[in-house]
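Examination of the molecular architecture
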Amino acid sequence: MADLYELQLTLNLPGSLPSEEADLLRWHLGHENGRCDGDAYDYPLLKARGPAHRIEGALVGELCPNGRGWSLTVRQEVHPDESDDIRRLVEWLSARTTSRGAIGYLRFYESTVPPPTGFSLRCTPLPPAL
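Throughout what follows, the structure given in this document is the object of discussion. (Residues numbered from 1 in each chain as written. Predicted model: local features only at pLDDT ≥ 70, side-chain atom pairs only at ≥ 80, totals over all residues. Heavy atoms only, no water.)

Let us now look at the sheet that holds strand E1 (residues 5–14). Strands sit in the order E2-E3-E4-E1-E5 across an open sheet of 5 strands; the sheet is antiparallel. Edge strands, defined here as strands with exactly one partner in the open sheet, are strand E2 (50–51) and strand E5 (104–108). Pairing geometry for E1 and strand E4 (residues 69–78), over 10 bridges, is antiparallel. Paired with Asn12 across the bridge in E4 is Ser71. Set on the sheet, helix H2 (residues 83–96) makes contact with E1 and E4; between it and E1 the angle comes to about 25 degrees. (Pairing = 2+ DSSP bridges. Helix = DSSP H or I, 4+ residues; strand = E, 2+ residues; numbered from the N terminus. Contact = heavy atoms within 4.5 Å. Axes fitted to C-alpha atoms, helices over the stretch in contact; angles between N-to-C directions.)

The next thing to look at is helix H1 (residues 19–28). With 7 of 10 residues buried, H1 is to be regarded as a mostly interior element. Turning to H1, its buried residues number three or more, namely Glu21, Ala22, Leu24, Leu25, Arg26, Trp27 and His28. Looking one or two residues past H1, Gly30 carries a phi angle of roughly 85 degrees, positive in sign. (Buried < 20%, exposed > 50% of the residue type's maximum accessible area, 1.4 Å probe, protein only.)

Within the structure shown, the criterion is met by 5 salt bridges. Note that Arg75 is salt-bridged to Glu6, the shortest N-O span being 2.7 Å. With Arg75 in strand E4 and Glu6 in strand E1, the pair connects residues that are 69 residues apart, well separated along the chain. The class for Glu6 is buried, based on a relative accessible area of 2%. Connected through shared salt-bridge partners, Glu6, Arg75 and Arg107 make up one network. (Salt bridge = Lys/Arg side-chain N within 4 Å of Asp/Glu carboxyl O.)

Turning our eyes to something else, we now look at the nonpolar core. If you look at soluble globular proteins, the nonpolar side chains tend to sit buried side by side. Judged by nonpolar contacts, the single largest core of 25 residues is most densely connected at Leu25, Leu46, Leu72 and Leu93. Secondary-structure elements contributing two or more residues to this core are E1, H1, E4 and H2. Not counting chain neighbours up to four residues away, the residues in contact with Leu25 comprise Leu13, Leu46, Leu63, Leu72, Trp92 and Leu93. If you look at the next biggest cluster of nonpolar residues, it comprises 6 residues, including Ala2, Leu4, Ile55 and Leu59. (Core = buried A, V, L, I, M, F, W, Y, C linked by side-chain atoms within 4.5 Å.)

With that out of the way, let us pick up the environment of Ile55. With respect to the helices and strands, Ile55 occurs in the loop between E2 and strand E3 (58–65). You can call Ile55 buried: its relative accessible area is 4%. Residues Ile55 and Thr112, spaced 57 residues apart in sequence, show a C-alpha to C-alpha distance of 9.7 Å. In contact with Ile55, not counting residues within four places along its chain, are Tyr5, Glu6, Arg75, Gln76, Glu77, Arg107 and Tyr109.

Given below as structure tokens:
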């Protein structure tokens, strides 16, 4: 048994997102032109790609221009050891998103459906299991 969770995020970010913040997000996505902002994070949190090990399907992380800013889609496997960094990153994204309502969810890999609450614009706290 593994302690893995599916993290799924879908949100928009404004075109006014400062370049240093866009660079930090690109670094988390594993883009080579991104950079880490100091020692805030030990490693990129959203860079996994390819087949998922436990949650089925593929792991992705894409940041695309959308004419009004940026569209971000992420699907990753995360471990509870990463919960503090993941929480901080989700809160950071929630403070910047132009999307309304839920921007994603966290689901234990053995659950067949995501929890009824997602991360809201004001960043609903992560489920206690993480």
